[in-house]
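# Understanding the architecture of this molecule
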Amino acid sequence: MTIMFEKSAPPRPVAAARVATPRGAETSPATAGPVSHGRPPAERWRPGQLEFFVLALIVLLFAQPWIVDRLGSPRMQTWATVFVAISIQALPFLVLGTLLSAAITAFVPPSVFTKVLPKRQSLAVPVAGAAGAILPGCECASVPVASGLMARGVAPAAALAFLLSSPAINPIVLTATAVAFPKQPEMVLARFVASLGTAVLMGWLWARFGRPEWIRPMNRPHDHGGSGKWENFRLALQHDFLHAGGYLVIGAMTAATLNVTVPKHVIDAVSGSPWFAVLALAFLAVLLAVCSEADAFVAASLLGFSPTAKLAFMVVGPMVDVKLIALQSGTFGRGFAARFSSATFVVAIVASYGVGWWLL
């Protein structure tokens, strides 16, 4: 007896819920997501470096007559001279500072600094401040060096004391001061005492009142480790030089602009008052941003001002100027630069008053 079985149809799949899909795409059963069969969705266009470069060329092409006329004016020529002079003066010392900072980061183990500097910050600050007399550099070099010291575990108070003292009391600066004031040897001693006192006092103030969150941590690529010490040195040098060099240009442009726009009669009007003369030259040092190796000759040329006012110019300049503020802002953050520069300015003026009254 043959039994016939009827072939049954396969069960129908359960209908999936409809999913709205864009045109040109269908839903995949496994993922229930759109499967694109057409062009990918258009991304928002953003201009790149090439577009900005072409735009700059077009602007320069059409603005060429206006630019040529402005470049020929005496004010613009003065601006260009000041800008180039500041940049050329600072660039060698910036290179020196970045080389030293990169060498410290790559070749010097952190244990060296813990052995050399005292463990107590109150003692480490004056030691670091006195060490500033060894390195011949200006403020452009001291910022990356101080950053490198902090990266190697040095206390910020000690590194900041070195940052302030290095451009103010090194042998080159003191020698230049002696040459600029040949008949006033006490000016060299006054500059050394006032500058070192300001640096040490600011280090102690930071150790007492400073907060770690006020210093922006630097994202240095070489801190993550390279293939060797020389590779770390190359990465450190490249990063620090490009980072500090950009802010050096900004600071030099600001100093050149202020140098051209501040009227000379404003400076002459306050030179007769002993108190306002000190404040005037202190603010002038901030605006002019003269390199510390050359500021003594500028101060000596200000014949209408008192010796104390000239001392304030030489003490404030290497520690607080628009170029240095820009470098500090780019390295440690704008909040740090605002607090630290303001406090340093006040302490430097007070130190100049006291030392000038004592020695001058």
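Scroll up a little and you will see the structure.
Residues numbered from 1 in each chain as written. Predicted model: local features only at pLDDT ≥ 70, side-chain atom pairs only at ≥ 80, totals over all residues. Heavy atoms only, no water.

## Side note on the overall build of the protein
On a plain count of helices and strands, the protein comes out with 16 helices and two strands. For the protein, restricting intrachain contacts to residue pairs at least 6 apart in sequence, the fraction spanning at least 24 positions comes to 79%. (Helix = DSSP H or I, 4+ residues; strand = E, 2+ residues; numbered from the N terminus. Contact = heavy atoms within 4.5 Å.)

## Observations regarding helix α14 (residues 307-316)
Counting buried positions along α14 yields nine of ten residues, so the element is predominantly enclosed. Along α14, the residues that are buried comprise T308, A309, K310, L311, A312, F313, M314, V315 and V316. Where α14 is buried, its residues meet α8 (171-180), α9 (185-209), α12 (274-288), α13 (295-300) and α16 (334-359). (Buried < 20%, exposed > 50% of the residue type's maximum accessible area, 1.4 Å probe, protein only.)

## Looking at the packing of helix α7 (residues 156-169) against α8
One can describe the packing of α7 onto α8 by two numbers: an axis separation of 5 Å at closest approach and a directional angle of 40°. By the angle between their axes, α7 is oblique relative to α8. On α8, the residues that touch P167, A168 and I169 of α7 are P171, V173 and L174. Its residues placed into classes, the contact of α7 with α8 shows six nonpolar, no polar and no charged. (Axes fitted to C-alpha atoms, helices over the stretch in contact; angles between N-to-C directions. Parallel < 35°, antiparallel > 145°, perpendicular 65-115°, else oblique. Nonpolar A, V, L, I, M, F, W, Y, C, P; charged D, E, K, R; others polar.)

## Section: the packing of aromatic side chains
With the rule as written, the count across this model stands at ten aromatic pairs. Between the aromatic rings of F107 and W230, the centroid separation amounts to 5.0 Å while the plane-to-plane angle is 70°, which identifies the pairing as edge-to-face. Residue F107 is found in helix α3 (residues 74-107), and its partner W230 is found in helix α10 (residues 229-261); the two are separated by 123 residues along the sequence. The class for W230 is exposed, based on a relative accessible area of 63%. Geometrically, the ring pair formed by F283 and F345 is tilted, given 5.0 Å between the ring centres and 50° between the ring planes. Of this pair, F283 sits in helix α12 while F345 sits in helix α16, and the two are 62 residues apart along the sequence. Relative accessible area serves as the criterion here: at 13%, F345 is assigned to the buried category. Chaining the aromatic ring pairs together yields one cluster made of W206, W214, F332, F336 and F340. (Phe/Tyr/Trp six-rings, centres within 6.5 Å; stacked < 30°, edge-to-face > 60°.)

## Examining the pattern of salt bridges
Applying the stated criterion to the full structure yields three salt bridges. Of the charged contacts in the structure, one is a salt bridge between E231 and R234, with a shortest N-O distance of 2.7 Å. In this pair, E231 and R234 are both assigned in helix α10, three residues apart and thus about one turn of the helix distant. The class of E231 is partly exposed, set by a relative accessible area of 27%. Between D321 and K323 there is a salt bridge, with the nearest N and O atoms lying 3.6 Å from each other. (Salt bridge = Lys/Arg side-chain N within 4 Å of Asp/Glu carboxyl O.)

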